[in-house]
Amino acid sequence: MQLYNTLTRRKEEFVPREPGQVAMYVCGPTTYNYIHLGNARPLVFFDTVRRYFEYRGYRVLYVQNFTDIDDKIINRAREEKADALLLAQKYVAEYFKDADALNVRRADIHPRVSGHLPEITAMIAALLEKGAAYVVDGDVYFHIASFPAYGRLSGRSLDEMQAGARVEVDPRKKHPMDFALWKAAKPGEPAWDSPWGKGRPGWHIECSAMAVKYLGHNFDIHGGGFDLIFPHHENEIAQAEAATGRPFARYWMHNGFITVNQEKMSKSLGNFFLVREILEKFPPPVVRFFLLSTHYRSPLDFDDEKLAAAGRGLERIKTSIRLLAEAMGRGSGSEKPPAAGDDFPATLEKYRQDFIAAMDDDFNTALAIGIFFELAREVNTYLQDGSKGGGLRQDDLAKAMSLFFDFNRVLGLFPVDVTAGRIRLEEPAGDDDKLTAGLIALLLEVRGQARARKDWAAADRIRDGLKELGIILEDTPQGVRWKRQQG
RNA sequence: GGCGACAUAGCCAAGUGGUAAGGCAGAGGACUGCAAAUCCUCCAUUCCCCGGUUCAAAUCCGGGUGUCGCCUCCA
């Protein structure tokens, strides 16, 4: 597998620290609000990375943190006159609702800052001991000049950064780019004891401390959004490596931004869309499909029309899975031997290999999805045209479905109903939906009778009426089928 | 000001030296009572512009133009 390493600015062959195992850490959200689509991109992408590694036979240890102690949380809590930690907890719970909806699997470990003060203060103490940090009035700063490799990840030198400095420099700092490891508490702020007085950790130290705790040294992959390269990840490296004297992480992966009208979606610009707002308009698989339809390092422009177009595309894949499931359900596989030169299983295998090649090349999900479409068309062709290759036998159908499952397992588009052993294309049905289904069945029965006596007006009246209600009818040789309209 | 990325059809998008994947939209056809779905065919002589390297460039080099990002909290 090849993956692009921000550290070296090129694609590299992925060689795990330990054969067959992948240890990865991805920066999670600061929990002071519901997540927006920009936050969802790394979630979905790195979830897909993890799924693909597993598909390729790796054992993955996946850690994603929550920043639940932070200035933004404190400010928000102050505005709402709430307790900062409780507020953070609430948004952790809300985060999981959104992530679950997007079919993002839980990480193996979701560490929170509030649960790791001992590890954090221990790392700060180590940095002080090694002369990489200093204390000023209860604050502790990392001293950048003590870490020669500073700037390696972001590809800039200290001189360059100073030249472009846009921030008022705190005169107490030894170097303008020195950053806080520990912030002394002001009255009323949540605070923890430390050898330097009451306070709280700076933003960057948590990730260094928690990543080292759970993944050890020189772990495989560290991920996050592009905007974390500097300063967050640069600082993480400096802290962890200065404190432990050992390499921190080996491959650094960064996803591009979601944009709106070509501008970065961000809270400060106010042009963000919450995941839950979007999910009110579009089913989760469409959102996930949309996010994966562009390579992860490219920007992805969002608007409703683009999401709708993605939804129409995804509908093709759904239809193909549906048609295949129907054919399997009928148990009507062809009994004819395959035509000479026609080898359906070999065709399927070609698609599998193409898919793997795409994903092996720096997780090219856009290409992989293209292959998914080609597979769908191939299967549809066989399914509708019994003459091609003599039609599909039952074991062919099962093999095709198995490939759909594998592609779906990696991309995570649709949840899989494990007990029923099927891909769940629609939202689960509630009680109301049962009634709806019953009523539709009744209408379809009446319409069937109308069609039998060629009363097209009555039949079309029912079909048109249902369409207005968002129910699409399709007449097939095997009878009528219905589905909900998407988007 | 410093650093970096990107520019492919109406739209989205893959493609880093060998002659433009895939999807959406659109056109025609098969199928259908008509539709829908599905399938077939068509839809970029050309990849922002100008030079250069090469037998060969969307792909490499140089120069422009444009857009975006990082340097400040941000996925």
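Residues numbered from 1 in each chain as written. Chains lettered and ligands numbered in written order. Predicted model: local features only at pLDDT ≥ 70, side-chain atom pairs only at ≥ 80, totals over all residues. Heavy atoms only, no water.

In the annotation of an unreviewed UniProt entry, the entry for chain A reads Cysteine--tRNA ligase, and the organism field reads Desulfotomaculum copahuensis. Quoted straight from UniProt, the Subcellular location (unreviewed entry) entry for chain A says "Cytoplasm". Under Subunit (unreviewed entry), UniProt gives the following word-for-word description of chain A: "Monomer." (UniProt positions renumbered as here; feature names shortened; annotations may be inferred.)

Draft legend 1. How the structure looks around the UniProt feature "binding site: Zn(2+)" (unreviewed entry) in chain A. Annotation from UniProt places "binding site: Zn(2+)" (unreviewed entry) at Cys-27, Cys-207, His-232 and Glu-236. Despite a sequence span of 210 residues, these residues sit close together in the fold, their greatest C-alpha distance being 11.0 Å. Along the polypeptide, Cys-207 turns up in helix 6 (residues 205-215). Excluding residues within four positions of it along the chain, Cys-207 makes contact with Tyr-25, Cys-27, Asn-65, His-232, Glu-236 and Phe-248. On the basis of relative accessibility, which here comes to 1%, the residue His-232 falls in the buried class. Those residues in contact with His-232 that sit more than four places away from it in its chain are Cys-27, Trp-203, His-204 and Cys-207. Polar contacts involving the side chain of His-232 include one to the side chain of His-204, which spans 2.9 Å. (Helix = DSSP H or I, 4+ residues; strand = E, 2+ residues; numbered from the N terminus. Contact = heavy atoms within 4.5 Å. Buried < 20%, exposed > 50% of the residue type's maximum accessible area, 1.4 Å probe, protein only. Polar contact = N/O pair within 3.5 Å; in protein donor to acceptor, adjacent residues only side chain to side chain.)

Draft legend 2. A look at the UniProt feature "binding site: ATP" (unreviewed entry) in chain A. As annotated in UniProt, the feature "binding site: ATP" (unreviewed entry) corresponds to Lys-267 in the numbering used here. Mapped onto the elements, Lys-267 comes out in the loop between strand 12 (263-264) and helix 8 (275-281). Discounting chain neighbours no more than four positions away, the residues touching Lys-267 are Tyr-32, Asn-33, Tyr-34, His-36, Asn-39 and Phe-272.

Draft legend 3. Seen up close, the pattern of salt bridges. Throughout the structure, instances matching the rule amount to 45 salt bridges. With a closest N to O distance of 3.6 Å, Asp-108 and Arg-50 form a salt bridge. Note that Asp-108 is positioned in the loop between helix 3 (84-101) and helix 4 (117-129) and Arg-50 in helix 1 (residues 37-55), a separation of 58 residues in sequence. Overall, Asp-108 belongs to the partly exposed group, its relative accessible area being 42%. One network of salt bridges, with partners in common, ties together Glu-315, Lys-318, Arg-322, Glu-326, Glu-426, Glu-474, Arg-481 and Lys-483. (Salt bridge = Lys/Arg side-chain N within 4 Å of Asp/Glu carboxyl O.)

Draft legend 4. Highlighting the sheet that holds strand 8 (residues 199-201). Read across the sheet, four strands follow the order 5-6-7-8 without closing on themselves; strand pairing throughout is antiparallel. Two strands in the sheet have a free side with no partner beyond their single neighbour: strand 5 (133-136) and strand 8. Adjacent strand axes in the sheet meet at a mean angle of 20 degrees, parallel and antiparallel pairs treated alike. By the bridge criterion, four bridges tie strand 5 to strand 6 (residues 139-142) in an arrangement that is antiparallel. Paired with Val-136 across the bridge in strand 6 is Asp-139. (Pairing = 2+ DSSP bridges. Axes fitted to C-alpha atoms, helices over the stretch in contact; angles between N-to-C directions.)

Draft legend 5. Main features of the nonpolar core. With 82 residues, the main nonpolar core has Leu-37, Phe-53 and Phe-363 as its most contacted residues. Examining the composition of this core, we find that 10 residues originate from one element, helix 1, more than from any other. Shared between two domains, this core holds at least three residues of each, these being domain 1 (2-255) and domain 2 (303-423). Not counting chain neighbours up to four residues away, the residues in contact with Phe-363 comprise Met-1, Leu-3, Phe-45, Val-49, Tyr-52, Phe-53, Met-253, His-295, Tyr-296 and Ala-358. (Core = buried A, V, L, I, M, F, W, Y, C linked by side-chain atoms within 4.5 Å. Domains from an automatic or database assignment.)

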